[in-house]
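Residue-level structure breakdown
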Amino acid sequence: MIRIIILGILLLDQIAFAEKFIPHFASIKSSEVNVRKGPNTRYSIDFVYKKKGEPVEVIAKFEHWNRIRDVSGDEGWVKSIMLSKKRTGVIISPKKKNTKIFINLYCESNNSSNIFAKIETSKRVFIEECQKQWCKIKVNDISGWIEKPFLWGIYINETFKK
């Protein structure tokens, strides 16, 4: 009887633990990933990601499937194994949607730091770490700091270090 109670508590703890992480960001693990209309291979393929590392937001989970959303707002279901914990992002312009502009990349995590590069919106980047208002990103062997509002793939209140 005690074992059943302990197993029940552990199971409830695992369910609560999993729910804490929905939603969260991830990236596409393979160079070709099918996105389905539902959480099973019986559902038709809606579209296919053809690029490894594409950032996605996991917005729901069902068994071994994740419902994801990308920067364009497209949604669908992928097998959990097809997602990576590696953090990637997309440079965005929060004020001018669908407009190509260049965003400043700073040497340090503050506006008074030197600007040493500019990155065009829609560019895919690796997210190395994030502080309260800034994220360190890497693109084409260049690392620098960008303000969070210009980066899709991180929550505004999220912080982390590698």
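Counting residues in hydrophobic clusters, the biggest one holds 15 residues, and the most contacted among them are I91, C135, I137, I146 and L151. Those elements giving two or more residues to this core turn out to be β9 (102-106), β10 (115-120), β11 (124-130) and β12 (134-139). Apart from residues lying up to four places away in sequence, I91 is in contact with I103, I119, E120, T121, S122, K123, V125, I137, I146, F150 and L151. In this structure, A26, I28, Y49 and I68 belong to the second largest nonpolar core, which totals ten residues.

Moving on to the layout of surface pockets. When its volume is computed, the second largest pocket comes out at roughly 330 Å³. In this structure, the second largest pocket is lined by 15 residues; those nearest its centre are V71, I91, I92, S93 and N98.

This part is about the state of the cysteines. Counted by the stated rule, this structure contains one disulfide. Shown here is the disulfide that connects C130 with C135, its sulfur atoms set 2.0 Å apart. Where C130 bonds to C135 through sulfur, the torsion about that S-S bond is close to 110°, and the disulfide is right-handed. This pair shows no difference in class: C130 is buried, exactly as C135 is.

A word on the pattern of salt bridges. Per the counting criterion, the structure on display carries seven salt bridges. In this structure, R124 and E54 form a salt bridge, with 2.7 Å as the shortest nitrogen-oxygen distance. Residue R124 is located in strand β11, and its partner E54 is located in the loop between β3 (45-49) and β4 (55-62); the two are separated by 70 residues in the primary sequence. Owing to a relative accessible area of 32%, R124 belongs among the partly exposed residues under this scheme. Residue E54 is classed as buried on the basis of its relative accessible area of 9%. In this structure, the salt-bridge partner of R69 is E57, at a minimum N-O distance of 3.1 Å. Linking R69 in strand β5 (residues 65-69) with E57 in strand β4, this pair joins segments that are twelve residues apart in sequence. Note on E57: relative accessible area 9%, which makes it buried. Several salt bridges share partner residues, and in doing so they unite E57, R67, R69 and E75 into one network.

Right, let's get into the pairing of strand β1 (residues 24-28). With four of five residues buried, β1 is to be regarded as a mostly interior element. As judged from the four bridges shared by β1 and β4, these two strands associate in the antiparallel manner. Bridge pairing in β4 links H24 to V58.

With that settled, the discussion passes to the confidence of the model for the chain. Put simply, the chain has an average pLDDT of 89, and 88% of its residues get 70 or more. Low confidence marks residues 4-19, where pLDDT is under 50. Its contacts with residues over four positions away, or in another chain, come to zero contacts.

Definitions and limits used
- Residues numbered from 1 in each chain as written.
- Predicted model: local features only at pLDDT ≥ 70, side-chain atom pairs only at ≥ 80, totals over all residues.
- Heavy atoms only, no water.
- Core = buried A, V, L, I, M, F, W, Y, C linked by side-chain atoms within 4.5 Å.
- Buried < 20%, exposed > 50% of the residue type's maximum accessible area, 1.4 Å probe, protein only.
- Helix = DSSP H or I, 4+ residues; strand = E, 2+ residues; numbered from the N terminus.
- Contact = heavy atoms within 4.5 Å.
- 1 Å grid on protein atoms, 1.4 Å probe; cavity = no way out; pocket = protein on both sides within 12 Å on 5 of 7 lines; lining within 4 Å.
- Points joined across faces, edges and corners; volume = space filled by probe spheres on them.
- Disulfide = S-S within 2.5 Å.
- Salt bridge = Lys/Arg side-chain N within 4 Å of Asp/Glu carboxyl O.
- Pairing = 2+ DSSP bridges.
- pLDDT = per-residue confidence, 0-100.

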